[in-house]
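Structure at a glance
The chain contents come next:
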Amino acid sequence: MNAQPAASLFINGRPVEGEGDALSVRYPFTGEEIAALREASLEQVALACQVAADAQPEWAAMAPVDRGRVLTRAAAIIRERNEELSRLETLDTGKPIQETLIADWESGAQALEFFGGLAATLTGQMIPLGQDWAYTRREALGVCAGIGAWNYPSQIACWKAAPALVMGNAMVFKPSEETPLGALKLAEILIEAGLPAGVFNVVQGRGGVGAALTTDANVDKVSLTGSVPTGRKVYAAAAEGMRHVTMELGGKSPLIVFDDANLENAVSAAINANFYSSGQICSNGTRVFLQEGIRERFLDRLAERVRNVRMGDPLDPETQHGPIVSPIQADKIRAAIQAGQEAGASLLCGGGGEGAFIPPTVFVDATDDMSITRDEIFGPVMTTLAFYDEDEVVRRANDTGFGLAAGVFTQDLTRAHRVISRLQAGTCWINTYNLTPVEMPFGGVKMSGLGRENSAAAIEHYSQLKSVYVGMGDVEAPY
Ligand code: NDP
């Protein structure tokens with residue numbers, strides 16, 4: 001299988017070969033090399049940022065609707081090529097083609113379409129002050145660095161590029177070293193859609209290249225999707241230059257199922273919230289709190305349904321559960337499962353698996369202090385916990401440093417809203433889980449990050465306000 005791109009990087013509107021270390025891209029299912037890339041050298045990172053800074057003013061000077069049109073055209077091209085792009089996404093990530101066909105590039109296209117459509121609404125405010133008045137201008141920040149994780153590489157690139165570009169920013173994007181291919185396609189597609197050269201650039205590399213991006217003098221904002229430890233480093237580095245940041249980081253989110261919940265829906269949601277993309281989703285509801293009256297029925301039904309999962313070749317349309325992105329990551333997940341067993345929790349189903357595959361894994365008899373309950377595993381591992389009453393579950397659900405997401409299943413309308421209002425999480429669901437439409441702001445609180453992606457709220461994080469006071473009369477001075 002060959003997925004070799006024209007070149008490793010994309011700078012100033014064209015493919016450019018990297019001058020740094022080799023980067024081997026492997027299909028997670030077979031381990032075979034599908035592309036041989038090279039990282040960007042530090043000089044190439046600086047060049048990409050310079051090119052972006054040079055291209056940005058002209059792009060920002062265009063009428064917003066003209067910028068928007070480029071994004072909506074890019075969305076249309078993505079949809080036309082969805083099949084080819086989804087296949088590439090599957091090769092890059094190992095995620096089942098039945099997922100990538102509907103969830104990855106499609107979600108990226110929705111972001112480009114949404115922000116493209118928003119272009120005409122990006123206005124300021126007029127503030128009457130008696131005779132005088134003031135107005136605000138919402139202006140671009142300049143050059144934004146985007147740094148992505150490997151679980152939704154193309155979606156992440158689109159989620160960051162769309163609000164940044166529509167506001168008139170330029171972007172230099174660094175995908176995860178594990179999944180470098182999709183962002184290069186996005187760069188090509190944006191050029192085809194009419195984006196001026198230099199406005200969207202891609203550099204490849206490991207953490208060092210990301211670190212160089214976050215401190216480059218031309219960079220005004222850093223948007224990271226990654227883990228909390230990386231987020232801390234990037235936030236600190238960005239602070240040196242007083243750069244803006246968006247941090248989309250990890251989580252260990254609670255999914256609370258009350259006795260009166262619709263059992264089948266709650267089980268479906270728990271499956272989606274833990275095993276989709278082989279569990280490699282930041283907002284996953286990996287702490288499933290089950291009220292005592294429903295717990296046994298829930299676990300019986302969950303075990304029954306999980307048994308039917310079809311694992312295998314991600315390119316087979318029947319496959320529902322693919323491999324983990326890399327053997328290193330699979331081993332980390334195995335170690336986390338083993339730690340759970342050693343701490344005294346038992347497996348309802350699943351376990352370590354073989355090679356790159358970790359089957360859907362469910363722990364019972366877990367306690368709040370175990371590492372499987374406290375730490376993000378980023379794999380298909382669900383920890384179930386029993387609870388008795390509402391106050392107790394709210395307290396235990398909030399007893400974590402993370403705050404990305406939360407979900408509640410109950411038929412009791414007032415309880416649903418009351419519990420959600422008490423949960424410390426940025427993105428919440430009632431009687432469903434993990435739906436992230438572009439219309440809805442997405443992001444975390446506490447250690448899970450700051451800033452929001454998607455929706456009009458994202459615009460605030462890719463722009464700054466200029467206030468303009470307009471004097472309409474004479475100017476008085478004291479002397
Ligand atoms: P990492 O934090 O390891 O890496 C994220 C990105 O940051 C990668 O591109 C990485 O490069 C880069 N990077 C690493 N070190 C630095 C540095 N010092 N300066 C700048 N950039 C750096 O995350 P993973 O890729 O392992 O992704 C998994 C994590 O991402 C999980 O914690 C998950 O919860 C979180 N995530 C959050 C989401 C959200 O929206 N909240 C969505 C998806 C994932 P490289 O890896 O190439 O070395």
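Residues numbered from 1 in each chain as written. Predicted model: local features only at pLDDT ≥ 70, side-chain atom pairs only at ≥ 80, totals over all residues. Heavy atoms only, no water.

Keep this limit in mind: UniProt positions are given in the numbering used here, feature names are shortened, and annotations may be inferred rather than shown by experiment.
Within an unreviewed UniProt entry, the label attached to the chain reads Betaine-aldehyde dehydrogenase, and the organism entered is Paracoccus onchidii. Quoted verbatim from the Sequence similarities (unreviewed entry) field of the UniProt record, the comment on the chain reads "Belongs to the aldehyde dehydrogenase family."

1. Here we look at the UniProt feature "domain: Aldehyde dehydrogenase" (unreviewed entry) in the chain
Convention followed: In DSSP terms, a helix is any run of H or I states spanning at least four residues, a strand is any run of E spanning at least two, and both are numbered starting from the N terminus.
Following the UniProt record, one finds the feature "domain: Aldehyde dehydrogenase" (unreviewed entry) at residues 18–468. Annotated as residues 18–468, this span is 42% helix and 20% strand, and its ends, taken at the C-alpha atoms, are 44 Å apart.

2. Things to note about the site of the ligand
Short version of the rule: Distances are taken per atom, and a residue is near a molecule or strand as soon as one of its heavy atoms is within 4 Å of it. Working definition of accessibility: Shrake-Rupley area with a 1.4 Å probe, residue cover restricted to the visible protein chains. Each residue gets one of three labels, nonpolar for Ala, Val, Leu, Ile, Met, Phe, Trp, Tyr, Cys and Pro, charged for Asp, Glu, Lys and Arg, and polar for the others, Gly among them.
Around the ligand, a shell composed of 29 residues is seen, among which E177, S227, T230, L249 and E376 lie nearest. When the free accessible area of the ligand is taken as 910 Å², the share hidden by the protein chains comes to 87%. Of all the secondary-structure elements, those providing two or more residues to the shell around the ligand are α8 (207–215), β10 (221–225) and α9 (228–240). Among the residues forming the shell around the ligand, the class breakdown is twelve nonpolar, eleven polar and six charged.

3. Examining the sheet that holds strand β5 (residues 126–129)
What counts here: Strands were regarded as paired on the criterion that DSSP finds at least two bridges between them. Between N-to-C directions, angles span 0 to 180 degrees; the directions come from axes that are lines fitted to C-alpha atoms, helices contributing only their stretch in contact.
Overall, antiparallel pairing links the three strands, which are arranged β5-β6-β20 in an open sheet. The strands lining the two open edges of the sheet, one partner per strand, are β5 and β20 (463–470). Strand-to-strand, the axes of this sheet are offset by a mean angle of 20 degrees, without reference to chain direction. Relative to β20, strand β6 (residues 132–140) runs antiparallel, the two sharing eight bridges. Within β20, the residue paired with T136 across the bridge is S467.

4. Quick word on the packing of aromatic side chains
For any pair of aromatic rings, the description consists of the separation of the ring centres together with the inter-plane angle of the planes. For the record, the criterion: A pair of aromatic rings is counted whenever rings of Phe, Tyr or Trp (Trp by its six-membered ring) have centres within 6.5 Å, and the orientation is called stacked for planes under 30 degrees apart, edge-to-face for over 60 and tilted otherwise. Each residue's exposure class comes from its accessible area (1.4 Å probe, protein chains only) as a fraction of the maximum for that residue type: buried when under 20%, exposed when over 50%, partly exposed otherwise. Note on criteria: charge over ring means Lys NZ or Arg CZ within 6 Å of the ring centre, with the direction from the centre no more than 35 degrees off the ring normal.
One pass over the structure, following the stated rule, counts nine aromatic pairs. Between W150 and F378, the ring centres sit 5.0 Å apart and the planes meet at 75 degrees, which makes this aromatic pair edge-to-face. Of this pair, W150 sits in the loop between β7 (143–147) and α6 (153–166) while F378 is found in the loop between α13 (371–374) and β16 (381–387), placing the two residues 228 residues apart along the sequence. Taking the relative accessible area as the measure of exposure, W150 reaches 14% and is therefore buried. When its relative accessible area of 16% is taken as the criterion, F378 is described as buried. Through successive ring pairs, a cluster of aromatic residues spans Y27, F29 and F357. Residue placement shows K95 over the ring face of Y152; its charged tip is 3.2 Å from the ring centre. It is R415 that lies over the ring of F258; its NZ or CZ is 4.0 Å from the centre.

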